[in-house]
Amino acid sequence: METILVILGGLLIVAGFIGALLPVVPGPPISYLGLVVLQLTSAHPFSLKFFIIWALIIAMLMVLDNVIPAYGTKKLGGSAYGVWGCIMGMLVGIFFSPIGLIVGPLAGAFIGELVGGKTSDQAIRSAAGSFLGFMASTVLKLIASGMMGYYFFMNL
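Report follows, based on the coordinates.

Basis of the calculations
Residues numbered from 1 in each chain as written. Predicted model: local features only at pLDDT ≥ 70, side-chain atom pairs only at ≥ 80, totals over all residues. Heavy atoms only, no water. 1 Å grid on protein atoms, 1.4 Å probe; cavity = no way out; pocket = protein on both sides within 12 Å on 5 of 7 lines; lining within 4 Å. Points joined across faces, edges and corners; volume = space filled by probe spheres on them. Helix = DSSP H or I, 4+ residues; strand = E, 2+ residues; numbered from the N terminus. Nonpolar A, V, L, I, M, F, W, Y, C, P; charged D, E, K, R; others polar. Contact = heavy atoms within 4.5 Å. Phe/Tyr/Trp six-rings, centres within 6.5 Å; stacked < 30°, edge-to-face > 60°. Buried < 20%, exposed > 50% of the residue type's maximum accessible area, 1.4 Å probe, protein only. Patch = residues over 30% accessible without salt bridge, like charges linked within 9 Å, V, L, I, M, F, W, Y side chains within 5 Å. Areas by Shrake-Rupley, 256 points an atom, 1.4 Å probe, with all protein chains shown as cover. Salt bridge = Lys/Arg side-chain N within 4 Å of Asp/Glu carboxyl O. Expected span 1.5 Å × (residues − 1). Axes fitted to C-alpha atoms, helices over the stretch in contact; angles between N-to-C directions. Parallel < 35°, antiparallel > 145°, perpendicular 65-115°, else oblique. Left-handed = near helix turned anticlockwise from the far one by under 90°.

Once that is clear, we can look at the layout of surface pockets. In this model, the largest pocket occupies a volume close to 330 Å³. Lining the largest pocket are 19 residues, and of these Pro23, Asp65, Asn66, Met90 and Leu101 sit closest to its centre. Secondary-structure elements contributing two or more residues to the lining of the largest pocket are helix H2 (27-39), helix H3 (48-75), helix H4 (80-93), helix H5 (99-115) and helix H6 (120-154). If one sorts the elements of the lining of the largest pocket by residue count, H3 sits on top with four residues. Of the residues contributing to the lining of the largest pocket, the split by class is 14 nonpolar, three polar and two charged.

Shown next as structure tokens:
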């Protein structure tokens, strides 16, 4: 039974890392499940405090995953129209995954800025901010999933 739990946990860790790259798959929560499965073995390598801290980190990442692209839009000169367009594009993009989750915020920010009266050059800059925000969010998820993978394999 121990071997099955370790294999299942390892598969969850790997799936979580891959999921951190794919916008439609919640990578860090899947990696977290890998740690939980390892905890079910007789070794019990992690403390309750460890799990609470990681649960908080993952919750924060899930929120930031949706906030950072809008922040990137705003940071590169986007207006409220661009920020709302980015958010709406992200929501619409969910239905056209995985490409829609990349293109949606870009297109939403671009269209939002055009609606707000900005030139196409300004709108493209706002859309670039959205994409940079998306990439920053992906890097954060990769780091978190990688760290959980490290804890998993170091505590086998």
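What follows covers the side chain of Thr138. Turning to its location among the elements, Thr138 is positioned in helix H6. Beyond its immediate chain neighbours, meaning those up to four positions away, Thr138 contacts Ala20 and Leu21.

Within this structure, the stated rule accounts for 10 aromatic pairs. Both rings, one in Phe46 and one in Phe51, keep their centres 5.8 Å apart while their planes meet at 85°; by these two values the pair is edge-to-face. Residues Tyr150 and Tyr151 carry aromatic rings whose centres are separated by 5.8 Å and whose planes lie at 65° to one another, so their mutual orientation is edge-to-face. Judged by relative accessible area, Tyr150 falls into the exposed class, the value being 52%. According to the relative accessible area criterion, Tyr151 is partly exposed, its value standing at 28%. One aromatic cluster is present, built from ring pairs that chain together Tyr32, Phe46, Phe50, Phe51, Trp54, Tyr150 and Tyr151.

Once that is clear, we can look at a nonpolar patch on the surface. Together, Val14, Ile18, Leu21, Leu22 and Val24 make up an exposed nonpolar region whose accessible area comes to about 420 Å². When its relative accessible area of 44% is taken as the criterion, Ile18 is described as partly exposed.

Position of Lys141 among the secondary structure elements: in helix H6. When residues no more than four places from it in sequence are discounted, the contact partners of Lys141 are Ala20, Pro28, Leu61 and Asp65.

The α-helix winds at 3.6 residues per turn, so residues separated by three or four positions along the chain end up facing the same way. An ideal rise of 1.5 Å per residue puts 18 Å on 13 residues; H2 measures up with 19 Å between its terminal C-alpha atoms. Its buried side turned inward, H2 meets helix H1 (2-21), H3 and H6.

It is worth spelling out unusual backbone geometry at this point. The phi dihedral of His44 is positive, around 45°, even though this residue is not glycine. Note that His44 resides in the loop between H2 and H3.

With that settled, consider the packing of H5 against H6. Relative to each other, H5 and H6 sit at 150°, their axes nearing to 8 Å. On the basis of their axis angle, the class for H5 and H6 is roughly antiparallel. The two elements H5 and H6 meet at a crossing, and its hand is right-handed. For the pair H5 and H6, the contacting residues are Leu101, Ile102, Pro105, Leu106, Ala109, Phe110, Glu113 and Leu114 in the first and Ser120, Ala123, Ile124, Ser126, Ala127, Ala128, Ser130, Phe131 and Phe134 in the second. Taken together, the residues of the contact of H5 with H6 sort by class into 13 nonpolar, three polar and one charged.

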